[in-house]
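# Structural characterization, general
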There are 2 protein chains.
Amino acid sequence: MVGGKTAVLSGLPVEHRSMVLNGAPREVNPNGHHAYGQMYAQHFQLASPRQPLPVLLWHGGGMTGATWETTPDGRPGWLWRFLEAGYDVFCCDAAERGRASFAMSPHIYREPPVFRTAEEGWKTFRIGRQYARDSSERHVFAGQRFPVDCFDEFTRQWVPRWPAHEDMILEAYEALVERVGKCIVVAHSQGAGFAVEIARRRPDLVQRVVAVEPGGMPAVLPSKGLPPHLVVWGDHIAPSGSHWMGYRKQADDYFAAVSETADITTLDLPAQGVRGNSHFPMMDSNSDDVFQRVVAWLER
Amino acid sequence: MVGGKTAVLSGLPVEHRSMVLNGAPREVNPNGHHAYGQMYAQHFQLASPRQPLPVLLWHGGGMTGATWETTPDGRPGWLWRFLEAGYDVFCCDAAERGRASFAMSPHIYREPPVFRTAEEGWKTFRIGRQYARDSSERHVFAGQRFPVDCFDEFTRQWVPRWPAHEDMILEAYEALVERVGKCIVVAHSQGAGFAVEIARRRPDLVQRVVAVEPGGMPAVLPSKGLPPHLVVWGDHIAPSGSHWMGYRKQADDYFAAVSETADITTLDLPAQGVRGNSHFPMMDSNSDDVFQRVVAWLER
């Protein structure tokens, strides 16, 4: 566990509840000290790493480190591919997600969390235009590489998130890179936005960023040199709604602005003739091919 | 991800929120299909397991699989010790905890979650009589083996839980043992109560149960033969409040009732001269010694 703070609550009602299977009710008292804002990092350390820097894997919004473990159709994820390629890996759950835990609302977190429906995920992850419970009634983009037969399986690994918690999450990520030292950050979606921001804050520690389908960008431009970035884009952005065009433009604008002084490489898969990737290239049928392109860039 | 169901929500308000770093607001629509009730199991598979059955590690209330990974003071946890001993391991997050995710309340889960304070943990985990923010003002039981200097670190791995979700959690655990097949379940506290219940339901699959400081027990006695159980108890139960005496009595009564037909072994550490263990023997300073006693029983 890395980072986090302590909140003190008082004046809240004390309940009596059964807290175990067929247990007698006992006191449940929420008044006192609560940890919040910490994150979770699972460290995979090779006996003989062949690469000088560890890889930090940061998931996207409404996800956990499970993103990187196994694809929804059961193939090895990028976690294993990075280990095979000789990198030590930290597979992370951002503050408020998964094993990182979350805090009471409205007492510590001000708002309730936001949950993702299968309908929203289908569209936001650019699988197709429309989800339906009956898989035969779903619209799928032609050439889709996401394992669509396992989409419902995939929905089971989604977790809630809280909007407007960026400062808390970034604080824990910065504490993580301070603890790890020089590192490579490979991050997805909302997590890639965080990675770009942490690289802006700590170019002394973040040596490379792989921003897979980044969502969100820093509000201000860097005042000091940035490390090299690889930006990976999948397919079907234009037909997936105005917010997708907005995310793409936000990223394009940031990288255009910093490209005079920083080494920014774009791996636009459809522009290179690789069609059909979803928002999750690390889960798509060509996940190993995309991985090879990422590792080739890192090794260059 | 294992188990779980789908809920359909409708009629809820649609919001517009920024969901990524400095992102433009986009539609957030909670109406539609939500996965809930699934659990998470992280499978550690040895190249050459030396034991015929895998170990399923089930955490206690308000915890995740992180319980088994590393002790709060940074020593290897039982996850690693079981791997070293030649067992394949499934390190689990129960439904609603950690990477297993949780669902909207009051729409799918009826109630809000319950959070644990440092004050409550200090007493419930039998560290001492009183927590204080200033560590010099804390009461610690004499001979305490929990790494008390790392207690605040430990608070950062606690997660909320929902009372009255036993059926949902048990359903996912039963789906897990169905998927894994014959297995050993090593479980702690609330999770040990669940393990005893799942062994009662599925003695065809659960071949051994190690119930570490069990909290909660089945409401009904088994109708068919139970697998052998090892029940592990730490110290300082009597001075830790009436609910502790209740948990102990609930377990003692169940095991006394089944012991005519089942092989029940009690490892009462203080009764064997090992004083000072907390509610978390797998985190205490003698965690490796307790582990050796557990593994010796398994191998017998």
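Residues numbered from 1 in each chain as written. Chains lettered and ligands numbered in written order. Predicted model: local features only at pLDDT ≥ 70, side-chain atom pairs only at ≥ 80, totals over all residues. Heavy atoms only, no water.

With that settled, the discussion passes to the overall build of chain A. In terms of helices and strands, chain A carries 7 helices and 11 strands. Reported as C-alpha extents along the three principal axes, the dimensions of chain A are approximately 65 × 50 × 40 Å. Counting across all 300 residues of chain A, residues that qualify as buried make up 64%. Put simply, 71% of the contacts in chain A that link residues at least 6 apart link residues at least 24 apart. Accessible area for chain A stands at about 11100 Å²; split by element, carbon and sulfur atoms hold 48% of it. With 30 positive and 34 negative side-chain charges, chain A shows a spacing of 1 Å between the two charge centroids. (Helix = DSSP H or I, 4+ residues; strand = E, 2+ residues; numbered from the N terminus. Buried < 20%, exposed > 50% of the residue type's maximum accessible area, 1.4 Å probe, protein only. Contact = heavy atoms within 4.5 Å. Areas by Shrake-Rupley, 256 points an atom, 1.4 Å probe, with all protein chains shown as cover. Lys, Arg positive; Asp, Glu negative; His and termini not counted. Charge placed at Lys NZ, Arg CZ, Asp CG, Glu CD.)

The geometry of a pair of packed helices is captured by two quantities: the angle between their axes and the separation between those axes. Residue and element names in this part refer to chain B. Orientation of helix H4 (residues 166–180) relative to helix H5 (residues 190–201), taken along the N-to-C sense of each, is 60°, at an axis distance of 10 Å. Classed by the angle they form, the pair H4 and H5 counts as oblique. Both H4 and H5 take part in a crossing whose hand is right-handed. Note on element contacts: H5 touches H4 through Phe194, Glu197, Ile198 and Arg201, opposite Glu166, Ile169, Leu170, Tyr173, Glu174 and Val177. Of the residues assigned to the contact of H4 with H5, the class counts are 6 nonpolar, no polar and 4 charged. (Axes fitted to C-alpha atoms, helices over the stretch in contact; angles between N-to-C directions. Parallel < 35°, antiparallel > 145°, perpendicular 65-115°, else oblique. Left-handed = near helix turned anticlockwise from the far one by under 90°. Nonpolar A, V, L, I, M, F, W, Y, C, P; charged D, E, K, R; others polar.)

Counting residues at the interface gives 74 residues for chain A, matched by 75 residues for chain B. Here chain A meets chain B over a buried area of about 5900 Å², counting both sides, of which 54% is carbon and sulfur. Taken together, the links from chain A to chain B amount to 8 salt bridges. Here Glu69(A) and Arg99(B) are joined by a salt bridge, their closest N and O atoms 3.3 Å apart. (Buried area = accessible area lost by both parts, 1.4 Å probe. Salt bridge = Lys/Arg side-chain N within 4 Å of Asp/Glu carboxyl O.)

A word on unusual backbone geometry. A cis amide bond links Ser105(A) to the next residue, Pro106(A), at an omega of 5°. The backbone of Ser101(A) shows a phi angle near 75°, a positive value even though the residue is not glycine. Structurally, Ser101(A) can be placed in the loop between strand E7 (89–93) and helix H2 (118–124). Note on Ser101(A): relative accessible area 6%, which makes it buried. You will see that His236(B), though not glycine, has its phi angle at about 60°, which is positive. For His236(B), the position within the fold is in the loop between strand E10 (229–233) and helix H6 (242–258).

Residues and elements named next belong to chain B. The sheet built from 7 strands is open, its strands ordered E5-E7-E6-E8-E9-E10-E11 with mixed pairing. The strands lining the two open edges of the sheet, one partner per strand, are strand E5 (40–44) and strand E11 (264–268). Taken pair by pair, the neighbouring strands of this sheet meet at an average axis angle of 15°, ignoring direction. Both E5 and strand E7 (residues 89–93) contribute to a ladder of 5 bridges, which runs antiparallel. Following the sheet pairing, Phe44 is matched in E7 by Val89. Of the strands in this sheet, E10 and E11 are in contact with H6, which crosses E10 at around 160°. The sheet contacts of helix H7 (residues 287–299) involve strand E8 (183–188), strand E9 (206–212), E10 and E11, and relative to E9 the element is tilted by about 155°. (Pairing = 2+ DSSP bridges.)

Here the focus is the side chain of His188(A). Inspection of the secondary structure puts His188(A) in strand E8 (residues 183–188). Every residue in contact with His188(A), bar those within four places of it in the chain, is listed here: Trp58(A), His59(A), Gly60(A), Trp68(A), Val212(A), Glu213(A), His279(A), Phe280(A) and Met282(A).

Across all of its chains, the model carries 53 aromatic pairs over all chains by this definition. Judged by centre distance (5.8 Å) and plane angle (45°), the rings of Tyr131(A) and Phe151(A) are tilted. Of this pair, Tyr131(A) sits in the loop between H2 and helix H3 (151–155) while Phe151(A) sits in helix H3; the two residues are 20 residues apart in sequence, bridging distant segments of the chain. On the basis of relative accessible area, Tyr131(A) is assigned to the buried category, the value being 5%. A relative accessible area of 0% places Phe151(A) in the buried class. Within the aromatic cluster, the residues linked to one another by ring pairs are Phe102(A), Tyr109(A), Phe115(A), Trp162(A), Phe102(B), Tyr109(B), Phe115(B) and Trp162(B). Between the NZ or CZ atom of Arg126(A) and the centre of the ring of Trp244(A), over which it lies, the distance is 4.4 Å. Above the ring of Trp158(B), the side-chain terminus of Arg116(B) is found at 5.9 Å from the ring centroid. (Phe/Tyr/Trp six-rings, centres within 6.5 Å; stacked < 30°, edge-to-face > 60°. Lys NZ or Arg CZ within 6 Å of the ring centre and 35° of its normal.)

Between chain A and chain B, the superposition needs a rotation of 180° and an axial shift of 0.0 Å, giving an RMSD of 0.0 Å. The symmetry that links the two subunits is that of a two-fold axis. Taking C-alpha positions as the reference, the residue of chain A nearest the rotation axis is Gly98(A), at 2.0 Å. Of all interface residues in chain A, 100% are interface residues in chain B too; the two copies therefore contact each other through one and the same surface. (Least-squares fit on C-alpha atoms with pLDDT ≥ 70 in both.)

With that out of the way, let us pick up the pairing of strand E11 (residues 264–268) of chain A. Residues and elements named next belong to chain A. The sheet contact formed by strand E10 (residues 229–233) and E11 spans 5 bridges and is parallel. When the bridges of E11 are listed, Val231 appears paired with Thr266. Following the chain from E10 across helix H6 (residues 242–258) to the adjacent parallel E11, one finds a crossover that is right-handed. (Right-handed = clockwise from strand over helix to strand, strands pointing away.)

All names here are of chain A. Sheet architecture is open: 7 strands sit in the order E5-E7-E6-E8-E9-E10-E11, paired in mixed fashion. Of all the strands in the sheet, just strand E5 (40–44) and E11 have a single pairing partner and so form its edges. Along the sheet, successive strands turn relative to each other by an average axial angle of 15°, direction set aside. Packed onto the sheet, helix H5 (residues 190–201) meets strand E6 (55–58), E8, strand E9 (206–212) and E10 and runs at close to 155° relative to E9. Along the sheet, H6 makes contact with E10 and E11, crossing E10 at roughly 160°.

Residue and element names in this part refer to chain A. Averaged over chain A, the pLDDT score is 97; the fraction of residues at 70 or greater is 100%. Mean pLDDT values for the elements of chain A range from 94 in strand E3 (residues 26–28) up to 99 in E8. Reported for the predicted complex are a pTM of 0.98 and an ipTM of 0.97. (pLDDT = per-residue confidence, 0-100.)

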